[in-house]
Amino acid sequence: YPPLAALAGNAGGLAGARMLSLFFMLSATALLWSTAARLFGRWAAFLAAALFVALGPTQFLGAFATYDAMSLSLMAAAAWCVVAAQDRDDSSWLLIGGAALLALANATKYASMLFDPTIVALGGLAVARNRAIQSPAGRDGIKSAVGRGGLIAACTVAMDAGLVALGGSAYLTGLMST
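Residues numbered from 1 in each chain as written. Predicted model: local features only at pLDDT ≥ 70, side-chain atom pairs only at ≥ 80, totals over all residues. Heavy atoms only, no water.

A. Local environment of the overall build of the protein. If you tally the helices and strands in the protein, you get seven helices and zero strands. Shown N-terminal to C-terminal, the secondary structure of the protein runs as helices and strands in the order α-α-α-α-α-α-α. Relative to its length of 178 residues, the protein is compact, with a C-alpha radius of gyration of 18 Å against a globular reference of 16 Å. The principal-axis extents of the C-alpha atoms in the protein amount to approximately 60 × 40 × 25 Å. Counting only residues that meet the buried cut, the protein has 39% of its 178 residues in that class. (Helix = DSSP H or I, 4+ residues; strand = E, 2+ residues; numbered from the N terminus. Rg over C-alpha atoms; globule rule 2.2 N^0.38 Å. Buried < 20%, exposed > 50% of the residue type's maximum accessible area, 1.4 Å probe, protein only.)

Here it is, written out as structure tokens:
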């Protein structure tokens, strides 16, 4: 994010860097709306997005040039990917894409790793819900949920480990101090 902020800062000064954060928060809001609409319908998506934009931390992150906004936007994109994969039989690329976005969010802000289990569980629960709607008596939903959640978790951990190996001791020190 600092290179992106530097580019935005060179183009528009502090206001440019703040506009970049605003862009990331707006994209997080749009992704929240889309994810909620897939899961619960448009009315629930509208209420979720309205609540999100009314919160103080959302307004704070959108107004200041911090890397938190980019991390939140990447996590929202990861959540969208794992939910979009719920009704597809061949959803490997969406799930791997969601794991890659989650790993990028973790690289952007190390503390975002605290929310990784939530997105893994969301991917599993979304497919379990979808399978339960299709065949209420079947137990295929639990098996699919565990499999998809495991794939997301394994891919995210592997990509995070690759980033730690690529970043070396400085990256590991930053991660451990966070």
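B. Just helix α3 (residues 56-63), in detail. Those residues of α3 lying buried are Thr58, Leu61 and Gly62. The buried side chains of α3 occupy one side of the element, clustering within an arc of 100° when seen end-on. (Arc of directions from axis to C-beta.)

C. Region of interest: the environment of Leu22. One can find Leu22 in helix α1 (residues 2-40). Judged by its relative accessible area of 34%, Leu22 falls in the partly exposed class. For the pair Leu22 and Leu47, spaced 25 residues apart in sequence, the C-alpha to C-alpha distance is 20 Å.

D. The nonpolar core, seen in detail. If you look at the biggest cluster of nonpolar residues, it comprises 25 residues, and the most contacted ones within it are Val82 and Ile119. Of all the secondary structure elements, the ones that give two or more residues to this core are α1, α4 (68-84), α5 (92-108) and α6 (116-134). Setting aside chain neighbours within four positions, we find Val82 in contact with Leu95, Ile119, Leu122, Gly123 and Ile152. (Core = buried A, V, L, I, M, F, W, Y, C linked by side-chain atoms within 4.5 Å. Contact = heavy atoms within 4.5 Å.)

E. Region of interest: a nonpolar patch on the surface. Together, Trp33, Trp43, Phe46 and Leu47 give the surface a local cluster of nonpolar side chains, amounting to about 470 Å² of exposed area. With three residues, the top contributor of residues to the nonpolar patch is helix α2 (residues 42-54). Secondary-structure assignment places Trp43 in helix α2. (Patch = residues over 30% accessible without salt bridge, like charges linked within 9 Å, V, L, I, M, F, W, Y side chains within 5 Å. Areas by Shrake-Rupley, 256 points an atom, 1.4 Å probe, with all protein chains shown as cover. Salt bridge = Lys/Arg side-chain N within 4 Å of Asp/Glu carboxyl O.)

F. Summary view of the pattern of salt bridges. What the rule picks out here adds up to one salt bridge. Two residues, Asp68 and Lys109, come together in a salt bridge whose shortest N-O distance is 2.3 Å. Of this pair, Asp68 sits in helix α4 while Lys109 is found in the loop between α5 and α6, placing the two residues 41 residues apart along the sequence. Judged by its relative accessible area of 18%, Asp68 falls in the buried class.

G. Spotlight on the packing of aromatic side chains. One pass over the structure, following the stated rule, counts three aromatic pairs. Ring centres 5.6 Å apart and planes at 55° place the aromatic pair Phe23 and Phe24 in the tilted group. (Phe/Tyr/Trp six-rings, centres within 6.5 Å; stacked < 30°, edge-to-face > 60°.)

H. Broad picture of the layout of surface pockets. Within this model, the largest pocket holds a volume of roughly 520 Å³. Lining the largest pocket are 20 residues, and of these Leu32, Phe52, Leu72, Met75 and Ala76 lie nearest its centre. Listing elements by their share of the lining of the largest pocket, those giving two or more residues are α1, α2, α3, α4 and α6. When residues in the lining of the largest pocket are grouped by element, the largest group, six residues, is from α1. Partitioned by chemical class, the residues of the lining of the largest pocket number 17 nonpolar, three polar and no charged. Looking at the second largest pocket, its volume works out to about 150 Å³. Lining the second largest pocket are Leu61, Asp68, Ser71, Leu72, Met75, Lys109, Ala111, Ser112, Leu114 and Phe115. Sorting elements by how many residues they give to the lining of the second largest pocket places α4 first, with four residues. Of the residues contributing to the lining of the second largest pocket, the split by class is six nonpolar, two polar and two charged. (1 Å grid on protein atoms, 1.4 Å probe; cavity = no way out; pocket = protein on both sides within 12 Å on 5 of 7 lines; lining within 4 Å. Points joined across faces, edges and corners; volume = space filled by probe spheres on them. Nonpolar A, V, L, I, M, F, W, Y, C, P; charged D, E, K, R; others polar.)

Such coordinate-based values are descriptive only and should not be taken to indicate function.
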